[in-house]
Amino acid sequence: MAQGDGDKRKKPNILITGTPGTGKTTTASALSEATQLRHINIGDLVKEKNLHDGWDDQFDCYIINEDLVCDELEDIMEEGGNIVDYHGCDFFPERWFDRVVVLQTDNSALYDRLSKRGYSETKISNNMECEIFQVLLEEANESYPEGIVVALRSDSIDDITNNIATLTHWLTTWQAAP
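Structure report, in brief. What you see is a predicted model, and the numbers here were worked out from it, not measured in a lab.

### Let's talk about the side chain of T19
Working step 1: With respect to the helices, strands and loops of the structure, T19 is situated in the loop between β1 (13-17) and α1 (24-35).
Working step 2: For T19, a relative accessible area of 1% puts it in the buried group.
Working step 3: If sequence neighbours within four positions are ignored, T19 has contacts with K24, L110, N127, C130, E131 and L136.

Rendered as structure tokens:
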């Protein structure tokens, strides 16, 4: 059921976004377990279904084909019940999401996480700048209606646990709303 036809989906769609290393996949996986919503990791989907335009040597990642990704997800997203996990958010249709979560992490913790992943200094620097300037929060606020975007701290396991509790509570109130 599309939201635009006057009916509400039976289950919401949640986007979890943020700079690489902020805990998106960890949070999305834990939230999926807690709520039984489907976790869709866009990075994995792009690789599995070849939804890209090749490899970017400078940033050491696939060049995502946003149109192919949206085409692939359209029917699934209209059904509802999805947690989408990706480090970008401005190309997804606004109608898809009922909650957009931007995870934010302290710079020293983020640096350590990216270093442990083996990221190059250039890639670490680029991602650190994105976090410092809150690029993803700004992108989310510009792309989605006021009131559905929420920024959550993601510095520690305790933060992730608290975020899961907050989002599970939100899900309960969303489902109870008319």
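### Some points on the layout of surface pockets
Working step 1: Of the voids in this model, the largest pocket is the one considered here, and its volume is about 1100 Å³.
Working step 2: Every residue lining the largest pocket is counted, 39 residues in all, and those nearest its centre are P20, C61, Y86, H87 and Y119.
Working step 3: Listed by contribution, the elements that provide at least two residues to the lining of the largest pocket are α1, α2 (42-49), β3 (52-56), β4 (61-64), α5 (121-132) and α6 (135-143).
Working step 4: In the lining of the largest pocket, the residues fall into 16 nonpolar, eleven polar and twelve charged.

### Re the packing of aromatic side chains
Working step 1: The tally for this structure, following the rule as stated, stands at nine aromatic pairs.
Working step 2: On the numbers, 6.0 Å between centres and 85° between planes, the contact of Y86 with F91 is edge-to-face. F91 matches Y86 in its accessibility class, with the two residues each being buried.
Working step 3: Relative to Y144, the ring of F97 lies with its centre 6.0 Å away and its plane at 80°, an arrangement referred to as edge-to-face. Note that F97 is positioned in the loop between β5 (82-85) and β6 (99-104) and Y144 in the loop between α6 and β7 (149-153), a separation of 47 residues in sequence.

### Quick look at unusual backbone geometry
Working step 1: Here the phi dihedral of D60 falls at roughly 55°; this positive angle occurs in a residue that is not glycine.
Working step 2: Residue D60 is classed as partly exposed on the basis of its relative accessible area, which comes to 47%.
Working step 3: Phi is positive for Q134, close to 50°, though the residue is something other than glycine.
Working step 4: Inspection of the secondary structure assignment puts Q134 in the loop between α5 and α6.

### Some remarks on the nonpolar core
Working step 1: Counting residues in hydrophobic clusters, the biggest one holds 26 residues, and the most contacted among them are I42, V69, L73, F92, F97 and Y144.
Working step 2: Secondary-structure elements contributing two or more residues to this core are α2, α3 (66-79), β6 and α6.
Working step 3: With four residues, the single largest contributor to this core is α3.
Working step 4: Once residues lying within four places of it in the same chain are set aside, the contact partners of L73 are I40, I42, L45, F92 and W96.
Working step 5: In this structure, L31, L37, W170 and L171 belong to the second largest nonpolar core, which totals 15 residues.

### Remarks on empty space enclosed by the protein
The rolling of a water-molecule-sized probe over the atoms marks out the regions of remaining empty space.
Working step 1: Applying the stated criterion to the full structure yields one cavity of 30 Å³ or more.
Working step 2: Taken as a whole, the largest cavity spans an internal volume of roughly 30 Å³.
Working step 3: If you go around the largest cavity, the residues you meet are G18, T19, V102, L103, Q104, C130, E131, Q134, V135, L136 and L137.
Working step 4: Among the elements of the structure, β6, α5 and α6 are those that each provide at least two residues to the lining of the largest cavity.

Rules of the game
- Residues numbered from 1 in each chain as written.
- Predicted model: local features only at pLDDT ≥ 70, side-chain atom pairs only at ≥ 80, totals over all residues.
- Heavy atoms only, no water.
- Helix = DSSP H or I, 4+ residues; strand = E, 2+ residues; numbered from the N terminus.
- Buried < 20%, exposed > 50% of the residue type's maximum accessible area, 1.4 Å probe, protein only.
- Contact = heavy atoms within 4.5 Å.
- 1 Å grid on protein atoms, 1.4 Å probe; cavity = no way out; pocket = protein on both sides within 12 Å on 5 of 7 lines; lining within 4 Å.
- Points joined across faces, edges and corners; volume = space filled by probe spheres on them.
- Nonpolar A, V, L, I, M, F, W, Y, C, P; charged D, E, K, R; others polar.
- Phe/Tyr/Trp six-rings, centres within 6.5 Å; stacked < 30°, edge-to-face > 60°.
- Core = buried A, V, L, I, M, F, W, Y, C linked by side-chain atoms within 4.5 Å.

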